Amino acid sequence: MLIAPGIEACVADISKRGWSSFALSDDLQRKVSTAYEAAATFFDLDEKSKEACLLPYGCGYTPFGREHSGNPALPDRVEIFAASARTQDLALDLPCAAGCDLHERMMEVFRWFEMTAEDIMRGVARMVASDVPEQELTGGLHRWSQLQFNRTILTEPGQFINTAHEDGHLLTFAHANGRGLEIVTGLSVLEPDRTSSAFTVMPGAILSLLTGGEIRPLYHQVRAHSRSEHRLSLLFFADLDPQLCKPWKITPANRDVDIASRILGNAGRFGMDGFPPD
Ligand SMILES: O=C(O)CCC(=O)C(=O)O
Ligand SMILES: [Fe+2]
């Protein structure tokens, strides 16, 4: 199986320092910018119009106050709009044109994020074991991944938008229109370089469990930098079909863990609805 340029370096990076970054092609960057414009238009609507754009499985609009990074008393200071393959048709019937348009723009980049995540997943699988049945993984992220815009609720610079957490997924791709994301490793906190043409690649608990703990879940947090301008971020949360979650390498870290049920229960840990089993 051919590996896209950059994937191998990304896998090596994840293995060595725990995270990586990945460049967007010019064409993708244009599509991502269009999705950002659609998101800005949507989030500027009045609350009633936005709340008419709810979709199942935590997709569509989620107002501030629901999602949290671990403590329900400290909700993430964001409002959210999420898109997925499962809600693509349902989104056509959303009662507000800006919501329909936003879901559609997001799905235009979804497939590329999905294929890139699949390539990275295969690369990691190959790194930890020589006998992973890679063909079985093909398409395994499609119905279990989602693309999400977060827009900040304005707050004082330095305040947490998201407190420290790991996402509990297989991989997260994080892109944003401004500073804020911080990686937390041990006692140190660092800001990954941020450009409009690259996103940060962050492994989560599912990748860690599949690799027998060889890859560690990456803790991260987000802090406000402006009290007057909303920060928008675009997150691709990749998960694998629970039926395909057989560990690539068995160690004490995963020997007694039911990985499939972790995937099914993950959204609930953050106060959200997730995808039901197929
Ligand atoms: O906004 C970001 O850059 C990251 C947000 C995040 O960590 C999350 O939604 O899980
Ligand atoms: Fe996160």
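Read on for a plain summary of the structure.

Conventions used here
Residues numbered from 1 in each chain as written. Chains lettered and ligands numbered in written order. Predicted model: local features only at pLDDT ≥ 70, side-chain atom pairs only at ≥ 80, totals over all residues. Heavy atoms only, no water. Helix = DSSP H or I, 4+ residues; strand = E, 2+ residues; numbered from the N terminus. Contact = heavy atoms within 4.5 Å. Areas by Shrake-Rupley, 256 points an atom, 1.4 Å probe, with all protein chains shown as cover. Expected span 1.5 Å × (residues − 1). Buried < 20%, exposed > 50% of the residue type's maximum accessible area, 1.4 Å probe, protein only. Arc of directions from axis to C-beta. Polar contact = N/O pair within 3.5 Å; in protein donor to acceptor, adjacent residues only side chain to side chain. Donors = N, O, S within 2.8 Å, 3.2 Å for Na, K, Ca; no water. Pairing = 2+ DSSP bridges. Axes fitted to C-alpha atoms, helices over the stretch in contact; angles between N-to-C directions. Parallel < 35°, antiparallel > 145°, perpendicular 65-115°, else oblique. Left-handed = near helix turned anticlockwise from the far one by under 90°. Nonpolar A, V, L, I, M, F, W, Y, C, P; charged D, E, K, R; others polar.

**Comments concerning the overall build of the protein chain**
Part 1: Scanning the protein chain from terminus to terminus reveals six helices and 11 strands.
Part 2: Principal-axis analysis of the C-alpha atoms gives the protein chain an extent of 55 × 40 × 40 Å.
Part 3: Long-range pairs, those at least 24 residues apart, make up 78% of the contacts in the protein chain between residues at least 6 apart in sequence.
Part 4: Accessible surface computed for the protein chain: about 12,500 Å², of which carbon and sulfur atoms make up 52%.

**Observations concerning helix α2 (residues 26–43)**
What sets the pattern is the α-helix's 3.6 residues per turn: residues three or four places apart point alike.
Part 1: The terminal C-alpha atoms of α2, which comprises 18 residues, lie 26 Å apart, in line with the 26 Å expected from a rise of 1.5 Å per residue.
Part 2: Those residues of α2 that sit buried are L28, V32, A35, Y36, A38, A39, F42 and F43. Summarising the axial view, the buried residues of α2 lie within an arc of 165 degrees, below the 170-degree limit, and thus occupy one face. Relative to its buried face, α2 has exposed residues pointing more than 90 degrees away, namely D26, R30 and E37.

**Digging into the side chain of Q148**
Part 1: Examined against the element boundaries, Q148 turns out to sit in strand β4 (residues 146–152).
Part 2: Separated by 2.8 Å, the side chains of Q148 and N150 make a polar contact.
Part 3: Those residues in contact with Q148 that sit more than four places away from it in its chain are E67, I80, F81, A82, M106, S233, L234, L235 and F237.

**Considerations on the coordination of the iron ion (ligand 2)**
Part 1: Those protein atoms acting as donors to the iron ion (ligand 2) are H165 (NE2), D167 (OD) and H220 (NE2), and they sit at 2.1 Å.
Part 2: Counting the intervening residues between successive donors of the iron ion (ligand 2) yields the motif H-x1-D-x52-H.
Part 3: Look at H165 and you get buried, because its relative accessible area is 8%.
Part 4: With relative accessibility at 9%, the residue D167 sits in the buried group.

**A word on the pairing of strand β1 (residues 20–23)**
Part 1: Burial of the side chains of β1 is restricted to one face: S20 and F22 are buried, whereas none of S21 and A23 on the reverse face is.
Part 2: Relative to strand β9 (residues 198–203), β1 is paired through four bridges, and the arrangement is antiparallel. In the sheet register, A23 faces β9, and the bridge partner there is A198.

**Let's talk about the sheet that holds strand β3 (residues 78–83)**
Part 1: With antiparallel pairing, the seven strands of this open sheet are ordered in space as β1-β9-β6-β11-β4-β3-β2. Bordering the open sheet on either side are β1 and β2 (60–62), each of which pairs with just one other strand. On average, adjacent strands in this sheet sit at an angle of 25 degrees to one another, irrespective of strand direction.
Part 2: Direction of pairing for β2 relative to β3: antiparallel, over a ladder of three bridges. Each residue of the ladder has a partner; that of G60, found in β3, is A82.
Part 3: Its contacts with the sheet place helix α1 (residues 7–17) against β1, β6 (171–176) and β9, and it is angled at close to 165 degrees to β1.
Part 4: Contacting β2, β3, β4, β6 and β11 (232–238), α2 crosses the sheet at an angle of about 115 degrees to β11.

**Let's talk about the packing of α1 against helix α4 (residues 97–128)**
Part 1: At their nearest, the axes of α1 and α4 sit 9 Å apart, and the two run at 60 degrees to each other. Taken together, the axes of α1 and α4 are oblique relative to one another. By crossing handedness, the relation of α1 to α4 is classed as right-handed. Packed against α1, whose contacting residues are I7, C10, V11, I14 and S15, the element α4 presents T116, D119, I120, G123, V124 and M127 at the interface.
Part 2: Looking at the contact of α1 with α4, its residues break down into seven nonpolar, three polar and one charged.

The quantities given are spatial measurements derived from coordinates; they are silent on function.
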